[in-house]
Structures are given as C-alpha cells and as structure tokens.
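Descriptive structure summary
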Amino acid sequence: MRAIIVTAPGGPEALQDADVPEPVPGAGQVRIRVAAAAVNPVDAAVRSGGLARAGLMAFGTRPAFGIGMDVAGTVDAAAPDVTGLAPGDRVIGLQDRLDVPVAGYAESIVLDASAVAHAPRSASPAEAATLPLNGLTALQALDLLDLPPGATLLVTGAAGAVGGYAVELAAHRGLRVVASASAADEELVRGLGAEMFVSRDAHLADAVRALVPGGVDGAVDAALLAAAALDAVRNGGSFAAVNGGPAVPVPLRGITVRNEWIHADAAQLAYLADLVDRGRLTLRVADTLPLSEARKAHTRLEAGGLRGRLVLIP
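What counts as what
Residues numbered from 1 in each chain as written. Predicted model: local features only at pLDDT ≥ 70, side-chain atom pairs only at ≥ 80, totals over all residues. Heavy atoms only, no water. Helix = DSSP H or I, 4+ residues; strand = E, 2+ residues; numbered from the N terminus. Rg over C-alpha atoms; globule rule 2.2 N^0.38 Å. Contact = heavy atoms within 4.5 Å. Pairing = 2+ DSSP bridges. Axes fitted to C-alpha atoms, helices over the stretch in contact; angles between N-to-C directions. Buried < 20%, exposed > 50% of the residue type's maximum accessible area, 1.4 Å probe, protein only. Core = buried A, V, L, I, M, F, W, Y, C linked by side-chain atoms within 4.5 Å. Polar contact = N/O pair within 3.5 Å; in protein donor to acceptor, adjacent residues only side chain to side chain. Parallel < 35°, antiparallel > 145°, perpendicular 65-115°, else oblique. Left-handed = near helix turned anticlockwise from the far one by under 90°. Expected span 1.5 Å × (residues − 1). Arc of directions from axis to C-beta.

Counting secondary structure elements, the protein chain contains 10 helices and 16 strands. Here the protein chain has a C-alpha radius of gyration of 19 Å; the compact-globule value for 314 residues is 20 Å, and the two agree. Each principal axis of the C-alpha distribution contributes one length, and for the protein chain these read about 60 × 40 × 35 Å. Considering only intrachain contacts with a sequence separation of at least 6, the fraction spanning at least 24 residues in the protein chain is 65%.

On to the sheet that holds strand β14 (residues 256-260). Read across the sheet, 6 strands follow the order β11-β10-β9-β12-β13-β14 without closing on themselves; strand pairing throughout is parallel. If you trace the sheet from one side to the other, it starts and ends with β11 (196-199) and β14, each paired once. For this sheet, the mean inter-axis angle between neighbouring strands, taken without regard to orientation, is 20°. Together, β9 (152-156), β10 (176-181), β12 (216-221) and β13 (233-242) form the strand contacts of helix α5 (residues 161-172), whose direction differs from that of β9 by roughly 165°. Strand contacts of helix α7 (residues 204-211): β9, β10, β11, β12 and β13, with the helix running at about 155° to β11, the strand carrying the most contacts.

For the rest of this paragraph, the subject is the pairing of strand β1 (residues 2-6). For β1, a buried count of 4 out of 5 residues is recorded, marking the element as mostly surrounded by other parts of the structure. In this sheet, strand β2 (residues 16-19) lies alongside β1 in antiparallel orientation, the contact comprising 4 bridges. Bridging from a neighbouring strand, alanine 3 pairs with alanine 18 of β2.

With that settled, consider the sheet that holds strand β4 (residues 65-66). Ordered by their spatial adjacency, 3 strands build an open sheet running β2-β1-β4, and the pairing between neighbours is antiparallel. The two strands at the open ends of the sheet, each matched to only one other strand, are β2 and β4. In terms of strand pairing, β1 meets β4 through 2 bridges, oriented antiparallel. In the sheet register, isoleucine 5 faces β4, and the bridge partner there is glycine 66.

Judged by nonpolar contacts, the single largest core of 53 residues is most densely connected at Leu131, Leu153, Leu169, Val220 and Leu281. No other element matches helix α4 (residues 132-145), which puts 7 residues into this core. Excluding residues within four positions of it along the chain, leucine 169 makes contact with Gly135, Ala138, Leu139, Leu142, Leu272, Leu275 and Leu281. If you look at the next biggest cluster of nonpolar residues, it comprises 33 residues, including Ala37, Leu51, Val91 and Leu111.

What follows covers the side chain of aspartate 185. Summarising the element assignment, aspartate 185 is placed in the loop between β10 and α6 (186-192). Accessibility expressed as a relative area gives 11% for aspartate 185, which makes it buried. Only 2.7 Å separates the side chain of aspartate 185 from the side chain of arginine 307, close enough to count as a polar contact. Residue contacts for aspartate 185: discarding those within four places in its chain leaves Ala159 and Arg307.

Next up on the list: the packing of α4 against α5. In the contact formed by α4 and α5, the axes pass within 8 Å of each other and the chain directions differ by 50°. The angle between α4 and α5 falls in the class oblique. In this structure, α4 meets α5 at a crossing whose hand is right-handed. Where α4 abuts α5, its residues Asn134, Gly135, Thr137, Ala138, Leu139 and Leu142 lie against Ala161, Val162, Tyr165, Ala166, Leu169 and Ala170.

Look at α4: 20 Å from first C-alpha to last across 14 residues, which is about the 20 Å you get at 1.5 Å a residue. In terms of residue burial, α4 counts as a mostly covered element, since 12 of its 14 residues are buried. Looking at α4, one finds that the buried residues are Pro132, Leu133, Asn134, Gly135, Leu136, Thr137, Ala138, Leu139, Gln140, Ala141, Leu142 and Leu145. Aspartate 146 occupies a position one or two residues after α4 and carries a positive phi of about 50°.

Of note in this structure, aspartate 146 is not a glycine but carries a positive phi near 50°. Position of aspartate 146 among the secondary structure elements: in the loop between α4 and β9. In this structure, arginine 253 is a non-glycine residue whose phi angle is positive, near 55°. Counting through the fold element by element, arginine 253 comes out in the loop between β13 and β14. With a relative accessible area of 32%, arginine 253 lands in the partly exposed category.

This brings us to the environment of valine 177. The residue valine 177 is located in strand β10 in this model. Owing to a relative accessible area of 0%, valine 177 belongs among the buried residues under this scheme. Separated by 120 residues in sequence, valine 177 and methionine 57 place their C-alpha atoms 34 Å apart. If we ignore the near neighbours within four places in the chain, the residues touching valine 177 are Leu153, Val155, Val167, Ala170, Ala171, Gly193, Ala194, Glu195 and Met196.

Let's shift gears to α7. Residue pairs three or four apart in sequence face the same way in an α-helix, which turns once every 3.6 residues. Among the residues making up α7, those that are buried are Leu204, Ala205 and Val208. In an axial view of α7, the angular spread of the buried residues amounts to 90°, which keeps them on one side of the axis. Opposite the buried face of α7, by more than 90 degrees, sit the exposed residues Asp206 and Ala210. Those residues of α7 that are buried are in contact with β9, β10, β11, β12 and α8 (227-230).

Here it is as structure tokens:
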C-alpha cells in the first residue's frame with residue numbers, strides 16, 4: 001500500500017511516497033482504510049526534526065517512520081477482542097505516538113481501539129478528519145482548567161483549529177470566553193461563541209483586564225504566548241499551555257499552570273463527534289489534496305494564513 005514516510009529530517013522534500021506492507025491489527029486493534037488525513041503543524045515539527053531536537057521523539061530508532069496523527073475512514077479489520085467497532089463502521093481516530101512505521105498519511109492505518117470512535121454522521125470524511133487532534137487538545141485543556149459555568153476564560157489563537165474548538169467547547173460549558181485573534185477574525189470567533197474579543201495587535205493583558213477587571217479566571221494558550229497570556233489571568237487563576245515546551249510560563253501570582261499534552265481517548269472522541277452532529281462544533285477544511293501532494297500541503301501549511309485544516313485524500 002502507499003504511505004508517506006520520512007527517513008531523515010528536513011523540509012517538505014523529506015516526505016517520501018513509498019510502497020509499504022499493509023499493517024495487520026493485533027490484540028485490541030482495528031485497521032482503518034483511510035479516507036482522509038488532516039495536516040497539522042505537529043506533522044511539520046515531526047518531519048523537520050523539531051520534536052526530536054526538543055527530546056519529544058527519536059530519529060534513528062527505525063529506518064523510516066510514518067507521519068500524520070488525524071484520520072477518518074472505514075474499519076476493514078478488527079481483532080477478535082475488539083468490541084463496539086466492526087468492519088464497515090465509519091470512524092475517526094488519533095495516532096498519538098510519533099515514532100511508528102506507518103501513520104495517518106497512508107492508505108491504511110492500524111490503531112488501538114481505545115483511540116477510535118464512530119465518525120460524526122453529519123460530516124464528510126475530510127471534515128471528520130479535522131476533529132481528533134485539535135478537538136481533543138481543546139477538550140483536554142479545558143478539563144485541566146476545570147472552570148465552573150460563568151467563569152471567564154481567555155483563549156489565545158482563537159481563530160485557529162485548537163482555539164476555535166476551545167471557544168466552542170467553553171461556550172458549551174457556560175464559560176464567558178474572551179477570544180484573542182486577528183481583528184479580521186472577530187466575526188468568526190464571536191460566531192463560535194466568544195462573548196468578548198481582543199485583537200492580537202493590542203497589549204493582551206491590558207486589553208483583557210479592561211474587559212474583565214482583575215483578570216480572567218483561566219486561559220487556554222493555543223497561540224503559545226506564554227507569559228503574555230499568563231499576565232491576563234487573575235491571581236490564583238489557572239492556565240493551560242497547549243503542547244507546552246518552551247511556552248510554559250512560570251506560575252506567578254499563585255496561578256496554577258498546567259502543561260496539556262494530547263492523548264487519544266475513544267470516549268472523548270465519541271463525545272466530540274456527538275457535539276458535531278448536534279451542531280455544537282464547527283469542522284473547518286481549508287482545502288483537500290491527494291496523498292501524493294503531501295509535500296505541497298506542508299509547503300502551504302508552513303506559509304500560514306490558513307483557516308481550517310488541509311486534508312490529504314489517499
């Protein structure tokens with residue numbers, strides 16, 4: 001079968017279209033015939049070696065590794081011990097390991113059943129493929145904050161994929177959202193459920209505190225602004241750094257700072273899919289490209305300016 005692999009770190013040219021053996025599901029696993037695979041910034045960080053340099057994955061443990069975390073498709077094989085998923089089921093899944101021989105950019109992928117859920121009935125495969133990584137990241141960040149209804153929440157990067165989901169999920173929980181994004185995206189993020197808006201060109205803490213005297217109760221820092229976003233949080237508040245790294249600020253003023261790292265969770269995926277079908281989450285596809293154009297997709301991703309995700313179609 002065809003898959004995109006990487007043998008050495010580099011730019012988009014490091015992505016290689018290869019013929020690899022079709023994977024076989026083991027105990028507790030299913031094989032998914034991939035219909036769509038989303039392209040995320042973390043994929044570029046894996047491909048370039050940035051995550052290896054940060055100590056988050058290792059190059060050289062195998063001659064080649066796969067790339068891509070988000071998939072939507074159809075189960076075509078399942079281990080005998082798997083329940084709740086069967087061949088023919090339309091599903092979404094998340095490959096949350098970074099060093100694997102075959103990942104999402106492929107015609108087929110094997111995942112643990114605990115990383116797979118039924119796809120939203122109302123979504124196309126391309127739309128559904130944009131949900132797992134970014135939806136789970138937003139959901140798990142909000143769970144870390146555990147704010148009560150009526151609390152105020154700052155979301156940085158609110159027009160992005162993670163930030164957009166965070167705004168919608170927070171509004172669904174009854175939180176009062178202050179969204180930070182480009183001035184051109186104010187209408188978008190207010191449409192997602194933000195009650196208040198600050199332009200990213202403004203001094204963030206001053207602008208937020210002008211709207212919420214004393215500072216917000218919590219923040220989801222999807223834009224990785226670190227200390228600049230922390231300064232908008234009240235004393236004793238809470239802060240979630242999304243995929244942290246160097247963007248985890250010092251916990252000043254009694255603020256609880258948590259570093260959110262994504263993990264696959266079938267029950268949470270099912271919850272997100274249900275919200276999509278209930279019209280509570282917005283799936284955004286910037287464009288679709290053939291799997292063979294993975295290099296072009298990464299070039300476009302790194303150029304920036306996208307609203308929604310690029311999606312590869314095998």
